[in-house]
Amino acid sequence: MRKSEDRFTELEILISKLHDGVANEEELRRIESILSGDPEACEFYLDYTELCVQMDLELGAKTPLEISSNTVPIQISQSTSQFYKGQSTKQILTPSWKPLPWIAVAAIVLIFAGSLSVLLNKRVSIAPSEAKATESEIITHDGLAILMESVGANFVDNGMQPTKTNGILYPGEIILESGITAIEFYSGARVILEGPAIFELTSENSAILRGGRLRAQVPPQACGFSVSTPQIEVIDLGTEFGMNIEEDGHLTEVHCFSGLVDIYEDSIKQNSKTLRSLQAGEAVRIQPNSIQKIPANSMAFISYPELAQTSLENSTLRHQKWQDLIEEMRADEDILALYTFDGQGPRERSLVNQASFQNQFSHGAIVGCRWTNGRWPSKGSLEFKSPSDRVHFQSTEPYQTITLSLWIRLDAIPRRTTSLLSSSEKSSNSMDWALTPKGQITLKIQNDQNKRNHVFTSSAILNRNMLGKWLHLVSVCNTNEKKVIHYLNSRKISEHKFPKDGLTSMKFGNAEIGNSSIKISNGRTPIRYFIGRIDELAVFGRSLDKNSINHLYRIGKPH
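Residues numbered from 1 in each chain as written. Predicted model: local features only at pLDDT ≥ 70, side-chain atom pairs only at ≥ 80, totals over all residues. Heavy atoms only, no water.

Asks: Is there a simple way to explain the pattern of salt bridges in this structure?
Replies: Opposite charge on two side chains lets them pair, provided their charged atoms get close. Counting across every chain of the model gives 18 salt bridges. A salt bridge links glutamate 481 to lysine 483; its shortest N-O distance comes to 3.3 Å. Because the salt bridges share partners, they merge into one network encompassing Arg375, Lys379, Asp535 and Glu536. (Salt bridge = Lys/Arg side-chain N within 4 Å of Asp/Glu carboxyl O.)

What follows is the structure, given as structure tokens:
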């Protein structure tokens, strides 16, 4: 029995990680290995999964479920019951029937895929109409490439392209005024674009260069990748090449660094013929009435190792500028809390409040979260993944005016209300700063008599394209001027009026970062944990104006 208990102990830990959505590929393979050919392990998996699903039904439902005394208890196997020693199970109501081991093995194949979806998505919808709508929803997008890395890049906002790292690129023009950016096409082709440049994406394996300089790496999978200009079309046959177009468009250079490229006349013309085929080390300079052969010059085009080095240097410089900004913030007489998540070791379980005046907010107690990289590789942040992850702190004083400034990276779109910063219990003037399932920023404050909850919710501003990106959220609450204003990346999202009376201050009390312990009327605590990373939280005792918020964003943004 001891050997069986040890095996179930490991399996329980692995399934728990799977249930929390944090199991990696190796752990998933280990689960499959344990279950393979072991009926008792399969029964244990089914029992544990059913318990988890019931827990989700009770804790994750929009409308709290009332479990009556007549509810049929979960049926579990004898081996599972022995493992838990009867502590969390009930008597089986129908002991006369028990699935045979081979049935359990067959069932595991069917249950694994379904339960995996439930456990990883962690969403249970109670309303039949909502469930039906969710099943029929098909998510699509028309992306062609990804903006991977940028150094000093300034884009013209033409409403077509994102300008952030890891942003999906759609058909249309990228206008790069200055700087360098790296693009990965869905075909696998990679391009480094140097500004000023105009670059149009036309398909997953083709583009148009209207001006500027680029270097392309094309793996065998993307053979046939093409770049057109006003004069020619360059088709790659699995190689690395560079192109340069002067601003007037009358001079184009094509350099082949390895492999082979074919240069055709304008692809718009029918029966376009090959002008040249270039091998490694060859290049041509093309003018309206002439083609001149020249040596290929790899040094004239930035390479990926050079881009990586430049990016690292730029990252280090931006981190240093942010550290200077932090010193400015520490010296601000109105700073109440400043959690920078920086300069702390991976085993530290206290989040230091670096405000010069530390009598307003305590240091934070870290629960569950793991340290990882922040906006820059050399900066720290905390990663929030499961319902247990949070940071506790205390602040007992009431405040008439507050500005909340937070840097976050979303790793999942909120499917339920997600708490960013919340008082641990409902009391007079307690607060809850959160994200809604619709992608809104919301600030809730209890009134002076603790009888009403005032809610100030922005328009929907978060979407899937923002996943994996660092976002700057700011909410200003001024009870004297009776207004709340929400900002995203220094842009004003919404402004809300305060009630005329009954709401004169705001108080944190015993509070949490990245989670909420506020209970509902039946005494249960809804799941409201944040999924992603947080690497800076600042609380000011005054209303920051738009210029000040823009300053925080401009210096603090990672690129």
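Asks: It is not clear to me how unusual backbone geometry should be interpreted in this structure. Could you clarify?
Replies: The phi torsion of most residues other than glycine is negative, and most of the peptide bonds are trans. Here the amide bond leading from glycine 195 into proline 196 is cis, since omega sits at 0 degrees, within 30 degrees of zero. Structurally, proline 196 can be placed in strand β4 (residues 190-203). Of note, phenylalanine 341 is a non-glycine position whose phi angle comes to about 55 degrees, a positive value. The backbone phi angle of asparagine 450 is positive, close to 60 degrees, even though this residue is not glycine. Relative to the helices and strands, asparagine 450 is located in the loop between β23 (441-446) and β24 (453-457). (Helix = DSSP H or I, 4+ residues; strand = E, 2+ residues; numbered from the N terminus.)

Asks: Is there a simple way to think about the environment of glycine 212 in this case?
Replies: Relative to the assigned elements, glycine 212 resides in strand β5 (residues 206-217). Spatially, the C-alpha atom of glycine 212 lies 4.0 Å from that of alanine 197, the residues being 15 residues apart in sequence. Each residue touching glycine 212, except ones within four places of it in the same chain, is listed here: Glu194, Pro196, Ala197, Met243, Asn244 and Ile245. (Contact = heavy atoms within 4.5 Å.)

Asks: So what exactly am I meant to see when it comes to the packing of aromatic side chains here?
Replies: The final tally for this structure, using the stated rule, is 13 aromatic pairs. A centroid spacing of 6.0 Å and a plane angle of 50 degrees characterise the contact between tyrosine 339 and phenylalanine 393, whose relative ring orientation is tilted. On the criterion of sequence distance, the pair formed by tyrosine 339 in strand β14 (residues 335-339) and phenylalanine 393 in strand β19 (residues 390-399) is long-range, its members being 54 residues apart. With respect to class, tyrosine 339 is no different from phenylalanine 393; both count as buried. For the pair phenylalanine 393 and phenylalanine 508, a centre-to-centre distance of 6.3 Å together with 50 degrees between the ring planes defines the contact as tilted. Of this pair, phenylalanine 393 sits in strand β19 while phenylalanine 508 sits in strand β28 (residues 506-513), and the two are 115 residues apart along the sequence. Here phenylalanine 393 falls in the buried class, since its relative accessible area comes to 4%. Classification of phenylalanine 508 by relative accessible area gives buried; the value is 1%. Ring-pair connections join several aromatic residues into one group, and the members of that group are Tyr339, Phe361, Phe393, Tyr399 and Phe508. If you follow arginine 190 out to its NZ or CZ, it ends over the ring of tyrosine 304, 4.1 Å from the centre. The side chain of arginine 213 reaches across the aromatic face of phenylalanine 301, ending 5.0 Å from its centre. (Phe/Tyr/Trp six-rings, centres within 6.5 Å; stacked < 30°, edge-to-face > 60°. Buried < 20%, exposed > 50% of the residue type's maximum accessible area, 1.4 Å probe, protein only. Lys NZ or Arg CZ within 6 Å of the ring centre and 35° of its normal.)

Asks: Before we go on, may I ask you to explain the environment of glycine 224 in this structure?
Replies: Structurally, glycine 224 is set in the loop between β5 and β6 (226-228). For the pair glycine 224 and serine 187, spaced 37 residues apart in sequence, the C-alpha to C-alpha distance is 10.0 Å. Sequence-distant contacts of glycine 224, that is, excluding residues within four places in its chain, are made with Asn205, Ile235 and Asp236.

Asks: What is the right way to read the sheet that holds strand β15 (residues 350-351) from this model?
Replies: Backbone-to-backbone hydrogen bonds join strands into a sheet, with any given pair of strands oriented parallel or antiparallel. Reading across from one edge, β15-β16-β19-β28-β21-β22-β23-β24 is the order of the eight strands in this open sheet, with antiparallel pairing throughout. Since the sheet does not close on itself, it has two edges, and those belong to β15 and β24, each with one partner. Relative to β19, strand β16 (residues 364-367) is paired through three bridges, and the arrangement is antiparallel. When the bridges of β19 are listed, valine 367 appears paired with arginine 390. (Pairing = 2+ DSSP bridges.)

Asks: Looking at this structure, how should I read the confidence of the model for the protein?
Replies: As a note on interpretation, predicted positions should not be read in detail where pLDDT is low. Confidence in the prediction of the protein, expressed as mean pLDDT, is 81, and 77% of residues score 70 or more. Under a pLDDT of 50 for its full length, residues 54-75 has, in the predicted model, 36 contacts with residues more than four places off or in other chains. pLDDT under 50 marks residues 86-111. Its contacts with residues more than four places away, or in other chains, come to 28 contacts. (pLDDT = per-residue confidence, 0-100.)

Asks: For this particular structure, what's the right way to read helix α2 (residues 25-35)?
Replies: Residues three or four positions apart in an α-helix share a direction because the helix packs 3.6 residues into each turn. Taken as a whole, α2 has its buried residues at Glu27, Leu28, Ile31, Ile34 and Leu35. Seen along its axis, α2 keeps its buried residues to an arc of 125 degrees; they face one direction. Turned more than 90 degrees away from the buried face of α2 sit Glu25, Glu26 and Arg29, all of them exposed. Directly after α2, the chain includes glycine 37, whose backbone phi takes a positive value near 70 degrees. (Arc of directions from axis to C-beta.)

Asks: Explanation requested: the environment of tyrosine 399 in the structure shown.
Replies: When you line up the elements, tyrosine 399 lands in strand β19. According to the relative accessible area criterion, tyrosine 399 is buried, its value standing at 9%. Along the sequence, tyrosine 399 and cysteine 477 sit 78 residues apart, while their C-alpha atoms lie 9.6 Å from each other. Within the local environment of tyrosine 399, its side chain forms a polar contact with the side chain of glutamine 360, the two groups lying 2.8 Å apart. A polar contact of 3.3 Å, which involves the side chain of tyrosine 399, links it to the side chain of serine 395. (Polar contact = N/O pair within 3.5 Å; in protein donor to acceptor, adjacent residues only side chain to side chain.)

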